[in-house]
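A closer look at the structure
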Amino acid sequence: MDIKFQILNLIKEYDKIIIHRHKNPDGDAIGSQYGLYLTLKHNFADKEIYVVGDTNDRMYQAKMDHISDDKYLGALVIVCDTAAHDLISGERYLNGEKLIIIDHHQSNSDINKIDIYYKDSSFSSAAAMIADLIKTWNIKTTSEAATYIYGGIITDTNRFLYLSKDNAKKTFELAGFITSFNPDIKGYYDYLYVESLKSKKTRALFADFETTTHGVAYRKNTKELVKKSGLDTFSVSRGMVNQMAGIKEIPIWASFTEGEDGKISVEIRSRGIKVVDIAVEFGGGGHNEACGATVDSFIIADQMIEKLDERAKQYASYEENTKEN
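Heads up: these notes are all about the structure in this document. Fair warning: this is a prediction, and the values are worked out from it, not measured in the lab. (Residues numbered from 1 in each chain as written. Predicted model: local features only at pLDDT ≥ 70, side-chain atom pairs only at ≥ 80, totals over all residues. Heavy atoms only, no water.)

All right, on to the pattern of salt bridges then. By the definition in use, this model includes 17 salt bridges. Between R238 and E267 there is a salt bridge, with the nearest N and O atoms lying 3.0 Å from each other. You can see R238 sitting in helix α9 (residues 233–240) and its partner E267 sitting in strand β9 (residues 264–270), a full 29 residues away along the chain. Using a relative accessible area of 24% as the deciding quantity, one classes R238 as partly exposed. We classify E267 as buried; its relative accessible area is 8%. (Salt bridge = Lys/Arg side-chain N within 4 Å of Asp/Glu carboxyl O. Helix = DSSP H or I, 4+ residues; strand = E, 2+ residues; numbered from the N terminus. Buried < 20%, exposed > 50% of the residue type's maximum accessible area, 1.4 Å probe, protein only.)

This is the structure we're talking about:
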């Protein structure tokens, strides 16, 4: 049986479903989790369905449930947008009776107890996977659910900027499909891109950056600077990395942000260069050209920068050889 219908059959079988996703959620984690939650509630009104996890300023209007441990007894647990144990928000996900993982990242899972592991990196986002499940199952969803799913697609692709020749067609088809349920696109875009004057001025704190010999741009954001900005670590790490994007001479850019615990949140982006293997080497993961990790110090961050610089050098040599041939 197709894995998509295996998932549907388990959903039909269980009266209690709890949906998790990764910590420090981005638009895709929330979009896939909350979009699935609202869709299941719409189609299976007789079931107990919950969403759980930490919160931040990327939630849009999503509200998490606070449930007791006993809710996991005899429950089906679904985890969206990650397959790494350390990244899942809430370790209680292991307390359910059955576990489904829905993830589009290229790295493999380190979780031993998985009943259905639906991993497909040909999707540009976990939200696109949820849209595809809705389409495959031939069920309806709501405008609110469609808003979150569409939001997950556009944030994980940076408004379709991070598409490859392998997933572009599929992504646009699924984005078109989910818009048939009338998502609030303007409302979600306003939420993403309209900011206060204070917030706009705060970006100036993160405008400068260093560059390596071969054109890797990077910033090191200390916890003192994060505190001065008034933002949290995640908002600086994820929200400011693309301050270095769109520069012709910069093929790879990275942000290193120190948290209160001294650990460094790493965000790496590139233009046409695979960098995810470097993130994986340092305990992270993600997409070929958009990935991240958490490391213990700026000393280790320097080691990552060296490897990114070597990758940029290799890419430049390849480009030069291609032109000559």
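The next thing to look at is the sheet that holds strand β4 (residues 98–103). Sheet strands line up and pair through hydrogen bonds in the backbone, either parallel or antiparallel. Ordered in space as β2-β1-β3-β4-β5, the five strands form an open sheet in which the pairing is parallel. For this open sheet the edge positions go to β2 (48–51) and β5 (116–119), each flanked by a neighbour on one side alone. Each strand of the sheet is rotated relative to its neighbour by a mean of 15°, with strand direction disregarded. The sheet contact formed by strand β3 (residues 76–80) and β4 spans five bridges and is parallel. When the sheet's bridge partners are listed, I78 is paired in β4 with I100. Relative to β5, helix α1 (residues 3–13) is tilted by about 135°, and along the sheet it contacts β1 (16–21), β3, β4 and β5. Against the sheet, helix α2 (residues 27–43) touches β1, β2 and β3, its axis set at about 165° to β1. (Pairing = 2+ DSSP bridges. Axes fitted to C-alpha atoms, helices over the stretch in contact; angles between N-to-C directions. Contact = heavy atoms within 4.5 Å.)

Moving on: the nonpolar core. Counting 50 residues, the largest nonpolar core has I11, I19, Y34, I78, I102 and I178 as the members making the most contacts within it. Beyond its immediate stretch of four places on either side in the chain, I178 contacts A131, I134, T141, A146, I149, Y150 and P183. Judged by nonpolar contacts, the second largest core, of 22 residues, contains I252, I268, F282 and L308. (Core = buried A, V, L, I, M, F, W, Y, C linked by side-chain atoms within 4.5 Å.)

As a further point, take the sheet that holds strand β11 (residues 290–295). Across the sheet, six strands lie side by side as β6-β7-β8-β9-β11-β10; this open sheet has mixed pairing. Each having just a single partner strand, β6 (210–211) and β10 (285–286) make up the two edges of the open sheet. Note that β6 and strand β7 (residues 216–221) share two bridges and pair antiparallel. Bridged to T211 within β7 is A217.

Before going further, it helps to examine the environment of A312. Counting through the fold element by element, A312 comes out in helix α11 (residues 298–324). It is 33 Å that separates the C-alpha atoms of A312 and S32, two residues lying 280 residues apart in sequence.

On β5, burial follows the alternation: I116 and Y118 on one face are buried, whereas Y117 and K119 on the facing-out side are not. Relative to β5, β4 runs parallel, the two being bridged by four bridges. Of the residues in β5, the one forming a bridge with I100 is I116.

In this fold, K47 is placed in the loop between α2 and β2. Buried charged residue K47 carries no salt bridge. Nearest counter-charge: D15, at 4.1 Å. Aside from chain neighbours lying at most four places away, what touches K47 is I11, K12, E13, Y14, D15 and I17. (Lys, Arg positive; Asp, Glu negative; His and termini not counted.)

Taken across its five residues, β3 has five buried, putting it largely inside the fold. The side-chain alternation of β3 yields two buried faces, one formed by L76, I78 and C80 and the other by V77 and V79. Taken together, the five bridges between β1 and β3 define a ladder with parallel strand orientation. Bridge pairing links R21 to C80 in β3.

Bringing the side chain of D28 into the picture now. With respect to the helices and strands, D28 occurs in helix α2. Buried charge D28 goes without a salt bridge, the closest partner of opposite sign being R238 at 8.5 Å. For D28, the side chain forms a polar contact with the main-chain nitrogen of A126, separated by 2.8 Å. Among the polar contacts made by the side chain of D28, one reaches the main-chain amide nitrogen of A127 at a distance of 2.8 Å. Ignoring sequence-local partners within four residues, the contact set of D28 consists of D81, H104, S125, A126, A127, G152, T155 and D156. (Polar contact = N/O pair within 3.5 Å; in protein donor to acceptor, adjacent residues only side chain to side chain.)

The analysis is restricted to geometry; functional conclusions fall outside its scope.
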